[in-house]
Amino acid sequence: MAKKPSYIGLLNAIANGERGGYELFNAWSNSTSDEALQPTLNMIAVREMEHSWAFEKRLTELGFSLRSATNKSLNKHVKLLKSKATDEEKFASFGFGSADDARSETADALLQILSDKSIDPQTGALMGRFISEERDTGRRLSKAFRAMKARKKKQTA
Ligand SMILES: [Fe+2]
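Notes on the structure follow. Note that the structure is a prediction, hence the values are computed from the model and not measured. (Residues numbered from 1 in each chain as written. Predicted model: local features only at pLDDT ≥ 70, side-chain atom pairs only at ≥ 80, totals over all residues.)

## What about the overall build of the chain?
From N to C terminus, the chain includes six helices and zero strands. When the helices and strands of the chain are read in sequence order from the N terminus, they spell out α-α-α-α-α-α. Viewed in the frame of its principal axes, the chain has a C-alpha envelope of about 65 × 25 × 20 Å. A total of 157 residues make up the chain; the buried ones form 25% of that total. For the chain, contacts bridging at least 24 residues in sequence account for 71% of all contacts bridging at least 6. (Helix = DSSP H or I, 4+ residues; strand = E, 2+ residues; numbered from the N terminus. Buried ≥ 20, exposed ≤ 12 C-beta atoms within 10 Å, placed from the backbone. Contact = placed C-beta atoms within 7 Å.)

## Observations concerning the packing of helix H2 (residues 38-61) against helix H6 (residues 121-156)
It is at 11 Å that the axes of H2 and H6 come closest, and there the two elements cross at 165°. Considered as vectors, H2 and H6 are oriented roughly antiparallel to each other. By crossing handedness, the relation of H2 to H6 is classed as left-handed. Judged by residue contacts, Thr40, Ile44, Arg47, His51, Ala54 and Arg58 of H2 engage Thr123, Leu126, Phe130, Glu133, Thr137, Arg140, Leu141 and Ala144 from H6. The residue makeup of the contact of H2 with H6, split by class, is six nonpolar, four polar and four charged. (Axes fitted to C-alpha atoms, helices over the stretch in contact; angles between N-to-C directions. Parallel < 35°, antiparallel > 145°, perpendicular 65-115°, else oblique. Left-handed = near helix turned anticlockwise from the far one by under 90°. Nonpolar A, V, L, I, M, F, W, Y, C, P; charged D, E, K, R; others polar.)

## Thoughts on H6
Working note: α-helix, 3.6 residues per turn, so residues spaced by three or four point in the same direction. Taking 1.5 Å as the rise per residue, H6 with 36 residues should run 52 Å; its terminal C-alpha atoms sit 53 Å apart, in good agreement. Within H6 the residues assigned to the buried category are Thr123, Met127, Phe130, Glu134, Thr137, Leu141, Ala144 and Phe145. (Expected span 1.5 Å × (residues − 1).)

## Considering the nonpolar core
Across soluble globular proteins, you tend to see nonpolar side chains buried next to one another. Leu24, Phe25, Trp28, Leu41, Ile44, Ala45 and Phe145 are the most contacted members of the largest nonpolar core, which totals 15 residues. Of all the elements, helix H1 (residues 8-31) adds the most residues to this core, at five residues. What Phe25 contacts, discounting residues up to four positions off in sequence, is Leu41, Ile44, Ala45 and Glu48. One finds Leu11, Ile14, Ala15 and Phe55 within the second-largest nonpolar core, a separate group that totals five residues. (Core = buried A, V, L, I, M, F, W, Y, C linked by C-beta atoms within 7 Å.)

## Looking at H2
Under the 1.5 Å per step criterion, the end-to-end length of H2 is 34 Å for 24 residues, consistent within 8% with the ideal 34 Å. The set of residues buried in H2 consists of Thr40, Leu41, Ile44, Ala45, Arg47, Glu48, His51, Ser52, Phe55, Glu56 and Arg58. Just beyond H2, the residue with positive phi is Gly63, at close to 95°.

## Quick notes on the packing of H1 against H2
In the contact formed by H1 and H2, the axes pass within 8 Å of each other and the chain directions differ by 155°. The pairing of H1 with H2 is recorded here as roughly antiparallel in orientation. For the element pair H1 and H2, the recorded crossing hand is left-handed.

## Some words on the environment of Phe25
By secondary structure assignment, the location of Phe25 is in helix H1. For Phe25, a count of 25 C-beta atoms within 10 Å translates into the label buried. Between the C-alpha atom of Phe25 and that of Phe91, which follows or precedes it by 66 residues, the distance is 11 Å.

## Concerning the environment of Gly63
The residue Gly63 is located in the loop between H2 and helix H3 (72-82) in this model. Among the residues examined, Gly63 registers 11 C-beta atoms within 10 Å and is labelled exposed. Sequence spacing of Gly63 and Ile8 is 55 residues, and the spatial spacing of their C-alpha atoms is 9.9 Å.

Below, the structure written as structure tokens:
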């Protein structure tokens with residue numbers, strides 16, 4: 001058998017992280033009463049789950065299997081997103097609001113994913129798509145946040 005690629009742990013971490021992302025956005029998508037926001041949350045939830053599957057699929061293609069991880073802070077966050085907290089509070093739990101630019105750090109962290117020069121082309125293509133979609137998700141979420149705030153402003157005016 002060939003040597004274990006150096007990026008197996010990374011693929012595993014992304015598969016687990018995206019699975020968590022699905023749980024978060026699915027919980028929020030099911031709990032919001034804002035019909036204008038819900039389609040964006042649902043799209044992101046589907047995207048996160050597809051990422052999780054795509055990375056788990058790649059792991060299995062390379063001859064490995066997913067090691068799932070338990071995450072206490074994720075469970076707490078899911079609980080908040082399922083709750084009756086406002087959508088503003090839920091956005092704030094992702095860094096939207098006072099520190100809107102918290103998202104730009106995530107983008108920098110994403111670039112690190114491709115820094116391993118031994119990544120095979122198929123895995124690299126998957127990672128490139130993943131990074132671009134995550135950035136698009138960030139943009140769409142920012143847009144949905146601004147649109148929600150504009151709607152609220154109109155309501156109170
Ligand atoms: Fe994600």
